[in-house]
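Examining the three-dimensional arrangement
Take a look at the letters that make up each chain.
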Amino acid sequence: MGDIPAVGLSCWKASPGKVTEAVKVAVDAGYRHFNCAYFYHNEKEVGAGIRYKIKEGAVRREDLFIASKLWCTCHKKSLVKTACRRSLKALKLNYLDLYLIHWPMGFKPPHPEWIMSCSELSFCLSRPGVHDLPLDESDMVIPGDTDFLDTWEAMEDLVITGLVKNIGVSNFNHEQLERLLNKPGLRFKPVTNQIECHPYLTQKNLISFCQSRDVSVTAYRPLGGSCEGVDLIDDPVIQRIAKEHSKSPAQILIRFQIQRNVIVIPGSITPSHIKENIQVFDFELTQHDMDNILSLDRNLRLATFPITKNHKDYPFHIEY
Ligand SMILES: NC(=O)c1ccc[n+]([C@@H]2O[C@H](COP(=O)([O-])OP(=O)(O)OC[C@H]3O[C@@H](n4cnc5c(N)ncnc54)[C@H](OP(=O)(O)O)[C@@H]3O)[C@@H](O)[C@H]2O)c1
């Protein structure tokens, strides 16, 4: 897994009012990895929590691993640096430890290029949420004319200029990742592919492909999220294994990923959950437990993106 801490706190859906406190609790609980994104619209508040803890002396910047993501409206090569700077500015950081292409699809940019190339102005106009999903009259997303191989070149430039230490991808399927890895003149490989992964969607084949090519995997939605009708935490198999180890179901779901060499980023704004979710290094699941958990797979994807299904790069066209 290289330098990426095995468990990170994810900040998706953490409302601005709560996420600063969640980050502070997490640092005290021992988290050093924070998973952010422009699209979560809370980078300013995440950054406030981080800065508070650094100022307090609880942690140093160099001890932290902070990730953010390039949103789909900024795939044009000329916009990548502006987008990265916008996240850095919101987080009030000088560099990111990891910057990911959030999805392989590029969308139509929100503003004319001259505005986007002016970092200060585009930051003022960015108003998260308003222009993130450009839709046509039928409410389908308007694609951009970019190719993620070109976007990747601008991502590589971010490493060279020192704005980010590592780059990676998210929601790439096998074919898309292979295309990137085979890109002629590739200067930096993606260090990770962040994908939805939990016992109902174990991603066995994609994980084995990534690991065979030395690309780590980061599991999002590891607890099954807060999706209506799906309650992974209440699954009887998970509950039974949890009882046997005197651990919580969430801890079993997190430990399951660690034992597959998969980095895992549970999301929480509840202090007791945040603390519980990192207490996963004092027990081990047996091979029998692992097999039982793997057998729960039903290829159930919770994180679909319906309005982009028209996009040529929508990653779930090709199920691996
Ligand atoms: N790359 C992508 O495209 C992408 C897409 C979706 C998500 N993600 C990332 O993945 C992260 C995780 O996704 P997620 O938040 O949907 O799913 P998750 O981490 O599987 O589940 C989060 C839910 O579980 C609850 N929870 C957390 N710890 C718990 C515990 N110990 N016991 C019981 N319930 C617990 C949380 O509630 P409380 O807050 O009350 O604890 C929250 O409702 C996100 O934060 C996001 O950054 C990435």
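Residues numbered from 1 in each chain as written. Predicted model: local features only at pLDDT ≥ 70, side-chain atom pairs only at ≥ 80, totals over all residues. Heavy atoms only, no water.

On to the site of the ligand, then. Close to the ligand lie 29 residues; S10, R221, S268, T270 and H273 are nearest. A distance of 2.9 Å separates a nitrogen atom of the ligand from a polar atom in the side chain of S170. One nitrogen or oxygen atom from the side chain of T270 is found 2.6 Å from an oxygen atom belonging to the ligand. Alone, the ligand offers 900 Å² of accessible surface; in the complex the protein occludes 86% of this. The residue makeup of the shell around the ligand, split by class, is 12 nonpolar, 14 polar and 3 charged. (Near = heavy atom within 4 Å. Polar contact = N/O pair within 3.5 Å; in protein donor to acceptor, adjacent residues only side chain to side chain. Areas by Shrake-Rupley, 256 points an atom, 1.4 Å probe, with all protein chains shown as cover. Nonpolar A, V, L, I, M, F, W, Y, C, P; charged D, E, K, R; others polar.)

Each pair of packed helices can be described by the angle between their axes along with the distance between the axes. Taken N-terminus to C-terminus, the directions of helix α3 (residues 77-91) and helix α6 (residues 148-161) make an angle of 45°; their axes are 8 Å apart at the nearest point. Between α3 and α6, the angle is such that the two are oblique. The handedness of the crossing between α3 and α6 comes out as right-handed. For the pair α3 and α6, contact is made by K77, V80, K81 and C84 and by D150, T151, E153, A154, M155, L158 and T161, respectively. Class assignment of the residues belonging to the contact of α3 with α6 gives a composition of 5 nonpolar, 2 polar and 4 charged. (Axes fitted to C-alpha atoms, helices over the stretch in contact; angles between N-to-C directions. Helix = DSSP H or I, 4+ residues; strand = E, 2+ residues; numbered from the N terminus. Parallel < 35°, antiparallel > 145°, perpendicular 65-115°, else oblique. Left-handed = near helix turned anticlockwise from the far one by under 90°. Contact = heavy atoms within 4.5 Å.)

Before going further, it helps to spend a moment on the packing of α6 against helix α7 (residues 174-181). It is at 10 Å that the axes of α6 and α7 come closest, and there the two elements cross at 55°. One finds that α6 runs oblique with respect to α7. Crossing of α6 against α7: the hand is right-handed. Of α7, the residues touching α6 (which contributes F148, L149 and W152) are Q176, R179 and L180. The residue inventory of the contact of α6 with α7, partitioned by class, reads 4 nonpolar, 1 polar and 1 charged.

Across the 6 residues of strand β3 (residues 65-70), 6 count as buried, placing the element largely inside the fold. Sheet topology note: the strand β2 (residues 33-35)/β3 ladder contains 3 bridges and is parallel. Across the sheet, the residue bridging to F34 is I66, located in β3. A crossover links β2 with its parallel partner β3, the connecting element being helix α2 (residues 43-56), and its sense is right-handed. The pairing of β3 with strand β4 (residues 98-101) spans 4 bridges and is parallel. Bridge assignment links K69 to a residue of β4, and that residue is L100. Crossover handedness for the path β3 to α3 to β4: right-handed. (Buried < 20%, exposed > 50% of the residue type's maximum accessible area, 1.4 Å probe, protein only. Pairing = 2+ DSSP bridges. Right-handed = clockwise from strand over helix to strand, strands pointing away.)

What follows deals with the UniProt feature "active site" (unreviewed entry) in the protein chain. The feature "active site" (unreviewed entry), as annotated in UniProt, sits at Y40 in this numbering. In this structure, Y40 sits in the loop between β2 and α2. Among residues more than four places away in sequence, those in contact with Y40 are C11, W12, N35, K69 and H102. (UniProt positions renumbered as here; feature names shortened; annotations may be inferred.)

The next point concerns the packing of aromatic side chains. One pass over the structure, following the stated rule, counts 8 aromatic pairs. Ring centres of F107 and F305 lie 6.5 Å apart, and the angle between their planes is 85°; this geometry places the pair in the edge-to-face category. Here F107, found in the loop between β4 and α4 (113-116), pairs with F305, found in the segment after α12 (287-294); they are 198 residues apart in sequence, far enough to count as distant. F305 matches F107 in its accessibility class, with the two residues each being buried. Feature note: the residues F39, W71, W103, F107, F305, Y314 and F316 constitute an aromatic cluster, connected by ring pairs. Just above the ring of Y95 sits the side chain of K165; from NZ or CZ to the centre is 4.4 Å. Lying across the ring of F316, R301 places its NZ or CZ 3.8 Å from the centre. (Phe/Tyr/Trp six-rings, centres within 6.5 Å; stacked < 30°, edge-to-face > 60°. Lys NZ or Arg CZ within 6 Å of the ring centre and 35° of its normal.)

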